[in-house]
Amino acid sequence: MENNSAIIEKHYSIPYELFGEAFKTFQKRYVMPRNYVVIGVLLAAAIVNVFYIAFDYGSTVNYVAMMFCLAFACVVWYNPKKLRRNLMEAIKGIENDEYVMKLYPEKIVIGTVIPPEEKGEEQNEDEYDGVFDNGEPEDEISDTEIFLNSSVKVYEKLDFFIVYIQKAMFYVIPKSALSDEENMMLRVHFEKQLGKNFKKDKQIA
């Protein structure tokens, strides 16, 4: 029988600066290593074309290929910085949103807490459902269930945990929302469930 009681349940918000640090850490660990490989291949290809040009073995194609490789390498290097800047602009209006995290033996459930005033607005809108009902189902905001399996990686920093669903999404859990005992419980649980997919920052003993 499945255990329906949460080991830990916490409400929290993510400060703007903390989210920026977390996203930068996420890119450094899970995005940039792949980008560095791509940049290395492009630079190597550019050097080969420079060699052909320098020794008069090359043609117009080599010039074009060299410029393309260098330009594309710059784009690959710059895109993460641009993405981080755009994302930080986008979250300025939601940095005070409240979330709830529930830890279960085999999964984490993370959802957004709807403020009472917004719930009231939803109830008022429901009064008109019979008049304006178009027969289409309403959208529902559901919690996200993250099963702690091989598709999930977790990285622990001094101030937060990053929960990364590979090639999909990442979530930030600030340590300030938990007690020291709860942070330790979360760390031990990740170590047990994820094994090598759980990593700690070098600053953490």
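Here, every reference points to the structure presented above.
Worth saying up front: this structure is predicted, and the values here are computed from it rather than measured. (Residues numbered from 1 in each chain as written. Predicted model: local features only at pLDDT ≥ 70, side-chain atom pairs only at ≥ 80, totals over all residues. Heavy atoms only, no water.)

Caption draft 1: Expanded view of the pattern of salt bridges. Tallying each qualifying case throughout the model produces six salt bridges. With a closest N to O distance of 3.4 Å, Lys 10 and Glu 182 form a salt bridge. Of this pair, Lys 10 sits in strand β1 (residues 8-12) while Glu 182 sits in helix α5 (residues 180-194), placing them 172 residues apart in sequence. What makes Lys 10 partly exposed here is its relative accessible area of 24%. A relative accessible area of 17% means that Glu 182 is categorised as buried. For the salt bridge of Glu 156 with Lys 175, the shortest nitrogen-to-oxygen distance reads 2.6 Å. (Salt bridge = Lys/Arg side-chain N within 4 Å of Asp/Glu carboxyl O. Helix = DSSP H or I, 4+ residues; strand = E, 2+ residues; numbered from the N terminus. Buried < 20%, exposed > 50% of the residue type's maximum accessible area, 1.4 Å probe, protein only.)

Caption draft 2: Looking closely at the sheet that holds strand β5 (residues 152-156). One open sheet holds the four strands; their spatial order is β7-β6-β5-β8, and the pairing between them is mixed. Each edge of the open sheet is held by one strand with a lone partner, namely β7 (169-174) and β8 (198-200). The sheet shows a mean angle of 15° between the axes of neighbouring strands, direction not considered. Helix-sheet contacts for helix α1 (residues 16-54) involve β5, β6 (160-165), β7 and β8, and the interaxial angle to β6 is about 50°. The strands touched by α5 are β5, β6, β7 and β8; relative to β8, the strand with the most contacts, the crossing angle is about 135°. (Pairing = 2+ DSSP bridges. Axes fitted to C-alpha atoms, helices over the stretch in contact; angles between N-to-C directions. Contact = heavy atoms within 4.5 Å.)

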